[in-house]
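An overview of the molecular structure
Next come the chains, spelled out residue by residue.
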Amino acid sequence: MKESISLAKHQQISKNFKIDYNNIRELLYEKVKARADEIFLICPGENTVEFTYMELKSLIKNTYSIFRGQELKNKDRISLIFHNSPEFLILYFSALCFGLTVVPINPDIAPKEMRYIINDSKSKVIFYGNTLEFKIKNIKNLDNVKLKKIISINDQEFSLKNEDSFEENEISIHDTAVMIYTSGTTGNPKGVILSHLNLLSDSKSISEWFHFDTKTRTLCILPLHHNNGQVTTLLAPLYQGGSTVIVQGKVSLLSFWDLVNRYDVTWTSVMASILSILLSIPKERKDQTLKGIICGGQILTRTVQKQFEERFKIPIFEGYGLTETTAYACLNCFPAEKRRLGSVGKALPANEMTILDENSKDVGENNVGEICIRGYNVTSGYLGLKEKNEESFRDGWFHSGDFGWKDSDGFFYFQGREDFLIIKGGENIYPAELENVLYQHPDIIECAVIGIPHKLLGEDICAFVKCKEESEVSEIELKEFCKNNIGGFKQPQKIVIINLLDDLDDIPKGPTKKILYRELKKYYMENLSDN
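These numbers were taken from a predicted model, which means no experiment stands behind them.

1. Observations concerning the overall build of the chain
Tallying secondary structure elements over the chain gives 14 helices and 25 strands in all. Compactness check: the chain gives a C-alpha radius of gyration of 23 Å against a globular reference of 24 Å for 531 residues, within 12% of the reference. In terms of overall dimensions, the chain has C-alpha extents of about 75 × 50 × 50 Å along its principal axes. When the 531 residues of the chain are sorted by exposure, 58% land in the buried category. The long-range fraction of contacts in the chain, counting pairs at least 24 apart against all pairs at least 6 apart in sequence, stands at 69%. Approximately 22,500 Å² of the chain is accessible, and the part contributed by carbon and sulfur atoms is 45%. Across the chain, the centroid of the 64 positively charged side chains sits 3 Å from that of the 72 negatively charged ones.

2. What about the sheet that holds strand β9 (residues 217-220)?
Ordered by their spatial adjacency, 9 strands build an open sheet running β2-β1-β10-β9-β11-β12-β13-β14-β15, and the pairing between neighbours is mixed. What marks the edges here is a single partner per strand, and that holds for β2 (49-52) and β15 (346-347). In this structure, strand β14 (residues 330-331) lies alongside β15, joined through 2 bridges in antiparallel fashion. Each bridged residue has a counterpart across the sheet, and for Cys-330 the counterpart in β15 is Ala-347.

3. So, the pairing of strand β24 (residues 458-467)
The buried fraction of β24 amounts to 8 of the 10 residues, a majority that puts the element mostly inside the structure. Summarising the sheet, strand β23 (residues 444-454) and β24 pair through 10 bridges and their orientation is antiparallel. When the bridges of β24 are listed, His-454 appears paired with Gly-458. Between β23 and β24, which pair antiparallel and follow one another directly, the connecting turn spans 3 residues. Taken together, the 4 bridges between β24 and strand β25 (residues 494-497) define a ladder with parallel strand orientation. Within β25, the residue paired with Cys-462 across the bridge is Lys-494. Remark: the β24/helix α13 (residues 475-483)/β25 crossover connection has right-handed handedness.

4. Some thoughts on the nonpolar core
Judged by nonpolar contacts, the single largest core of 91 residues is most densely connected at Leu-28, Phe-67, Tyr-92, Phe-93 and Phe-127. Ranked by residue count, the leading element in this core is helix α3 (residues 86-98), at 10 residues. With near-sequence residues (within four places) excluded, Phe-67 lies in contact with Leu-72, Ile-78, Leu-91, Ser-94, Ala-95, Phe-98, Leu-100 and Phe-127. Counting 52 residues, the second-largest nonpolar core is a separate cluster that includes Val-251, Leu-438, Tyr-439 and Val-465.

5. Some thoughts on the packing of aromatic side chains
Summed over all chains, the structure comprises 28 aromatic pairs. Summarising the aromatic geometry, the rings of Phe-210 and Phe-317 are spaced 5.4 Å apart at their centres and angled 70 degrees between planes, so their arrangement reads as edge-to-face. Of the two residues, Phe-210 sits in the loop between α6 (196-209) and β9 while Phe-317 sits in strand β13 (residues 316-320), which places them 107 residues apart along the sequence. The class of Phe-317 is buried, set by a relative accessible area of 0%. By way of ring pairs, the aromatic residues Phe-40, Tyr-53, Phe-88, Tyr-92 and Phe-93 are connected into one cluster. For the cation-ring pair, Lys-190 lies above Tyr-382, with the distance from its terminal atom to the ring centre recorded as 5.4 Å.

6. Regarding the side chain of Lys-509
Mapped onto the fold, Lys-509 is located in the loop between β25 and α14 (517-527). Looking at Lys-509, its side chain comes within polar contact range of the main-chain oxygen of Ile-507, at 3.2 Å. Once you skip the residues sitting within four places of it in the chain, Lys-509 turns out to touch Ser-273, Ile-277, Glu-446, Lys-514, Ile-515 and Leu-516.

Conventions used here
- All chains use their own residue numbering, which begins from 1 and follows the written sequence.
- Totals for whole chains, interfaces and linings use every residue, but because this is a predicted model, local features are given only for residues with pLDDT of at least 70 and side-chain atom pairs only at 80 or more, for both listing and counting.
- Side-chain numbers here rest on the full set of heavy atoms in the structure, without hydrogens or water.
- Strands here mean DSSP runs of E at least two residues long; helices mean DSSP runs of H or I at least four residues long; both are numbered from the N terminus.
- Within these notes, the globule rule equals 2.2 Å times the number of residues to the 0.38 power, and the radius of gyration is based on C-alpha atoms.
- Between buried and exposed lies partly exposed: a residue is buried under 20% and exposed over 50% of the maximum accessible area for its type, with that area taken using a 1.4 Å probe on protein chains only.
- For this analysis, residues touch if any pair of their heavy atoms sits within 4.5 Å.
- Here, Shrake-Rupley sampling with a 1.4 Å probe gives the accessible areas, and only protein chains in the shown set may cover a residue.
- Lys and Arg are tallied as positive, Asp and Glu as negative. Neither His nor the chain termini are counted.
- Charged side chains are reduced to one point each, which is NZ for Lys, CZ for Arg, CG for Asp and CD for Glu.
- Paired strands are those between which DSSP finds at least two bridges.
- The path from the first strand over the helix to the second decides the hand: if it runs clockwise while the strands point away from the viewer, the crossover is right-handed.
- To define a nonpolar core, start from buried Ala, Val, Leu, Ile, Met, Phe, Trp, Tyr and Cys residues and group those joined through side-chain atoms within 4.5 Å.
- Pairing of aromatic side chains here covers Phe, Tyr and the six-membered ring of Trp, requires ring centres within 6.5 Å, and sorts the geometry by plane angle: under 30 degrees stacked, over 60 edge-to-face, intermediate tilted.
- Counted as over-ring charges are cases with an Arg CZ or a Lys NZ within 6 Å of the ring centre that also lie within 35 degrees of the ring normal.
- Contacts described as polar in this section are N or O atom pairs within 3.5 Å, which, within protein, must combine one atom able to donate a hydrogen with one able to accept it, while residues neighboring in sequence count only if both atoms come from side chains.

The following block contains the structure:
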């Protein structure tokens, strides 16, 4: 690290890890020198847009005029409310290079939720996409915030030349770069503070882990308001002078293989549920370029992984991370023959990991406990939440609230979130155990397992399954299938076949296609519970 300053205990590591730049602007400008006329950004859509490294830098400098027109100063915060678009990308990079803090907001959440994030983050200006004006007008009671609609990067204000005399703001490696709000189990979302150090260390770790280089081209199908989209498929290829394909708007997975083939994509990052959806689509791979798929955010069952790799002949590299660790904290080993299947891999160079009990004691190898992380890619904390910070960042570790274990070779295994653990008659059951079995049934496309109330046992098990359209399989037959493949106490009390429901078309998912277990539980309690 070029700049030395005391880090929080949970951000310190014992191993050497060199950060090559002081901030994202320095990284970008260095790559512009080396790759000036090479394509960096490709944005397919109704009007496909491409930018070379030099074109991006020019647009960034031009955008400074927009910021100064809004009277923004170094370290001010701005909210960006856009679907994936060139406009988001230009404002994102421009803000990081100007010295602002970016607060990306999911454009699909309700105006009330947007208002909370805007007010809590103390954003000075809201930049939003042209198609979102109807929603922005419904955001009430904003605290002295300016609104700025961005129609297109082709607008004249993006072409106004920046004054050569303008001196760029000084940016420390520890300055806040991005603030991402994560939804909790209860209450309002938490603002996770991510510094330039966090972004640089995680993007460097990921890019070096998978040997990214100038020929690397990633495909981003996850939303850019999410940390995975920003880091894994945008900043990681930038770190090595590669390029990225960012699809405008929401991506139809029907076009996934066409995009990979058309743009010679070498890497992409997905949620496990996306792999299940791709398996259900009757389209085959045509490319010869894709080297691997990075997968995280939820448990990848062995069944889905095996089916995907056998059909598409492409290795999946499972990993584990949270918004609090910028993106990934561990990844399965590259190349593919070094992987340990079923594992989420080893800790990245930028961080260290361990498994602790409720008293912050190491549980040792092959014992289940809480996954804890410390390192350069770990957030300094949550915005304005003193008690939550004391609870989550203690004893020199970030306590994730996730369960897992570590083997003797340093490979970690993710078992599930503490929130989703099912405790049936005192027995701990992880949803993935039954999901892995259900995915083996030839008629099942997707499944999700939740805990439901039980008067005697405390909780029992309910599985929601989505079957192939032509399937006629019954709940009784699926229960019989489970009996033959998993222990008695792990068998579901109920199996809900979504195809037979009138008011639920699909397993609910968030913007990154992560399964929303809480929404399923809410649906069950409101519509199916006997209590």
